[in-house]
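Tertiary structure, described
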Amino acid sequence: MILYAVIARSKDGTVLVESTIAGVESTNFPQVTVEVLQRVVATSNWNSALGTIESSAKVELLPDGTKRTFVQRHDEGFLGGLLSGVAVQWGCLNGDAEAWNNREDCLDYYFHMCRGHGIICLCISDDTDARYHAVNFNFLDDAQSKFTSAYSPSKIAKAKAYEMDKQFSRELGKLIHYYNENRNKFARHDKVDILLDKVDDLREVLGRNISMILERERRLDDLIEQSENMMMDTKVFRRRSTILKNQSQRDYLKIFVPAFIIVVLIIWWVVSKFLSSRDSSQ
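Residues numbered from 1 in each chain as written. Predicted model: local features only at pLDDT ≥ 70, side-chain atom pairs only at ≥ 80, totals over all residues. Heavy atoms only, no water.

On to the overall build of the protein chain, then. The helix and strand tally for the protein chain stands at six helices and seven strands. Its helices and strands in sequence order give the protein chain the pattern β-β-α-β-β-β-α-β-β-α-α-α-α, from N to C terminus. A buried classification covers 30% of the 282 residues belonging to the protein chain. Once local pairs closer than 6 in sequence are excluded, the contacts in the protein chain between residues at least 24 apart make up 64%. Roughly 18700 Å² of accessible area belongs to the protein chain as shown, and the carbon and sulfur atoms make up 57% of that amount. (Helix = DSSP H or I, 4+ residues; strand = E, 2+ residues; numbered from the N terminus. Buried < 20%, exposed > 50% of the residue type's maximum accessible area, 1.4 Å probe, protein only. Contact = heavy atoms within 4.5 Å. Areas by Shrake-Rupley, 256 points an atom, 1.4 Å probe, with all protein chains shown as cover.)

So, in structure tokens, the structure goes:
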């Protein structure tokens, strides 16, 4: 469940608006959150008119455009001493223990943080199930979108501490209530969305395979059709070549036979002339 949420300027960690659920108003969430934001901002690089101001820290805890979850356990420091000694004890609520079902031990809490568009959105939850962590990040995305739509970057950059709290705190509280009331449905939807994504991927793969099979069948049909056309062309060519051969033979005979007859007649006439002249000379 989301217990507390805050939106701060990413450049210096100035809190612009905060909201909490009923029953945890007496906790030290605001103090610890301010300290966490200062520690995160201290490790960040930021751009100025003079260029990029680099942090002296070796590791940037929350780079711009990223989402992170940090855990604060009651029996150990936060990420090896990220928080001070005061913050290490923040998990023990300052309010009445009976408000938390008479639980005597301290709870584990989670900082869900996202950074972008010049702001840091942070919420504190007691959800140990990773599915609810995804829901909490959806809440942060929604809060970031609504806040950046309501206020321009220049307004955010020049705003004083808690300047938007009066106007936007109610909206942030409604958003917390909405996600807390529907978190089970959202968690199931995330699982369903994962399954639907897998089904869509499988459908896409099957679609590609079916398209490839159909394309191969189409090509095979084209090859078969081409081969049939070639066979028909071969038959036609053979028939035409036979006809042309017979026609050429007839044409040859038409020329050869008369010529042969003429040659025979010429030879016969020459021979007969020769014989007749011989007889007359004797």
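Still more ground to cover, so stick around.
Right, let's talk about the side chain of asparagine 136 for a bit. Mapped onto the elements of the fold, asparagine 136 is located in helix H3 (residues 130–150). In this structure asparagine 136 comes out as buried when scored by relative accessible area, which is 3%. Only 3.3 Å separates the side chain of asparagine 136 from the side chain of serine 125, close enough to count as a polar contact. Apart from residues no more than four positions distant in its own chain, asparagine 136 is found in contact with Ile2, His112, Cys123, Ser125 and Asp127. (Polar contact = N/O pair within 3.5 Å; in protein donor to acceptor, adjacent residues only side chain to side chain.)

In this section: the pairing of strand S6 (residues 109–116). The buried count for S6 comes to eight of eight residues, which makes it a mostly enclosed element. The alternating pattern of S6 places Tyr109, Phe111, Met113 and Arg115 on one face and Tyr110, His112, Cys114 and Gly116 on the opposite face, and all of these are buried. Two elements, strand S5 (residues 67–72) and S6, share six bridges in a ladder whose sense is antiparallel. Looking across to S6, one finds that phenylalanine 70 is bridged to phenylalanine 111. Bridge count between S6 and strand S7 (residues 119–125): seven bridges; the pairing is antiparallel. Following the sheet pairing, cysteine 114 is matched in S7 by cysteine 121. In this structure, the hairpin formed by S6 and S7 is closed by a connection of two residues, where histidine 117 is found at a positive phi of approximately 60°. (Pairing = 2+ DSSP bridges.)

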